[in-house]
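Structural features, examined
Here is how the chains run, residue by residue.
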Amino acid sequence: MSQPVSSTPETFRSVELTKIGANRFKATNARGGETYFGSGGEDPDFTPVEMFLAAIAGCGAIDVDLIAGKRATADSFSLTASGDKVRDDQGNHLVNLRVTFDVVFPEGEEGDAARAVMPRALEQTRDRLCTVTRTVAIGEPVEFDQA
């Protein structure tokens, strides 16, 4: 596990959740951005597991786009994040987590350079850059308390 870190304005991140209906919540970040999630019933909102998968994919997408995008702008850029939700002696959790990138770069020297950097970009986001996947891989504990 990692060493305790004292929060500073540079390190601290938070979101606030507000209940907006039966099993539905609004998440608001410090910049005023909002997103919604629920339990996966009839509403179209993401479930927390789907938001988690989106966070993993989104974190990786931003990193890889920043690295490969220095060489060429992708003609198309999409990802799929997936996993299996299981319940076992460790409780509910996801296994078989996978993020699959489907990125197409233009023909030519710049596109060739972007294609060439993709394997390293994927390794860097998995092993060093993406805060979300690094937190999962390291296994940082989560504290739950009451205000």
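Here the structure is a predicted model, which is why all the values come from computation and not from measurement. (Residues numbered from 1 in each chain as written. Predicted model: local features only at pLDDT ≥ 70, side-chain atom pairs only at ≥ 80, totals over all residues. Heavy atoms only, no water.)

Its identity is not glycine, yet asparagine 23 carries a phi of approximately 55 degrees, on the positive side. Residue classification places asparagine 23 among the partly exposed positions, given a relative accessible area of 47%. Although it is not a glycine, asparagine 96 sits at a positive phi angle of roughly 60 degrees. When you line up the elements, asparagine 96 lands in strand S5 (residues 91-104). (Buried < 20%, exposed > 50% of the residue type's maximum accessible area, 1.4 Å probe, protein only. Helix = DSSP H or I, 4+ residues; strand = E, 2+ residues; numbered from the N terminus.)

Turning our attention to the sheet that holds strand S3 (residues 34-38). Spatially, S1-S2-S3 is the arrangement adopted by the three strands of the open sheet, whose pairing is antiparallel. Lying at the two open borders of the sheet, with one neighbouring strand each, are strand S1 (15-21) and S3. Neighbouring strand axes in the sheet, compared pairwise and without regard to direction, differ in orientation by 25 degrees on average. As defined by bridge partners, strand S2 (residues 24-29) adjoins S3 across five bridges and the pair is classed as antiparallel. Note that in S3 the partner of lysine 26 across the bridge is tyrosine 36. (Pairing = 2+ DSSP bridges. Axes fitted to C-alpha atoms, helices over the stretch in contact; angles between N-to-C directions.)

A few words on the pattern of salt bridges. One pass over the structure, following the stated rule, counts five salt bridges. The salt bridge partner of arginine 126 is aspartate 127, with a shortest N-O separation of 2.6 Å. Given a relative accessible area of 48%, arginine 126 falls into the partly exposed group. Note on aspartate 127: relative accessible area 41%, which makes it partly exposed. Salt bridges here are not isolated pairs; linked through shared partners, they connect Arg24, Asp43 and Asp45. (Salt bridge = Lys/Arg side-chain N within 4 Å of Asp/Glu carboxyl O.)

Further remarks concern the state of the cysteines. This structure, assessed with the given rule, holds one disulfide. Between the sulfur of cysteine 59 and that of cysteine 130 lies a disulfide, 2.3 Å long from S to S. One disulfide, between cysteine 59 and cysteine 130, carries an S-S torsion of 140 degrees and so falls in the right-handed class. Residue cysteine 59 is found in helix H1 (residues 48-68), and its partner cysteine 130 is found in the loop between helix H2 (109-129) and helix H3 (131-138); the two are separated by 71 residues along the sequence. Across this residue pair, the class does not change: cysteine 59 and cysteine 130 are buried. (Disulfide = S-S within 2.5 Å.)

Interhelical geometry of H1 versus H2 gives an angle of 140 degrees and a closest axis separation of 9 Å. By the angle between their axes, H1 is oblique relative to H2. The way H1 lies across H2 gives a crossing that is right-handed. Here Cys59, Gly60, Asp63, Val64, Ile67 and Ala68 of H1 come into contact with H2, specifically with Ala114, Val117, Met118, Ala121, Leu122, Gln124, Thr125 and Leu129. Taken together, the residues that form the contact of H1 with H2 break down as ten nonpolar, three polar and one charged. (Parallel < 35°, antiparallel > 145°, perpendicular 65-115°, else oblique. Left-handed = near helix turned anticlockwise from the far one by under 90°. Contact = heavy atoms within 4.5 Å. Nonpolar A, V, L, I, M, F, W, Y, C, P; charged D, E, K, R; others polar.)

Counting eleven residues, the largest nonpolar core is built from Val64, Ile67, Ala68, Ala72, Phe101, Val103, Phe105, Ala114, Val117, Met118 and Ala121. Of all the secondary structure elements, the ones that give two or more residues to this core are H1, S5 and H2. What phenylalanine 101 contacts, discounting residues up to four positions off in sequence, is Gly60, Ala61, Val64, Phe77, Ser78, Leu79 and Leu122. (Core = buried A, V, L, I, M, F, W, Y, C linked by side-chain atoms within 4.5 Å.)

Let us look at a positive patch on the surface. Together, Lys70, Arg71, Arg120 and Arg128 give the surface a local cluster of positive charge. Within the fold, arginine 71 resides in the loop between H1 and strand S4 (76-88). (Patch = residues over 30% accessible without salt bridge, like charges linked within 9 Å, V, L, I, M, F, W, Y side chains within 5 Å. Areas by Shrake-Rupley, 256 points an atom, 1.4 Å probe, with all protein chains shown as cover. Lys, Arg positive; Asp, Glu negative; His and termini not counted. Charge placed at Lys NZ, Arg CZ, Asp CG, Glu CD.)

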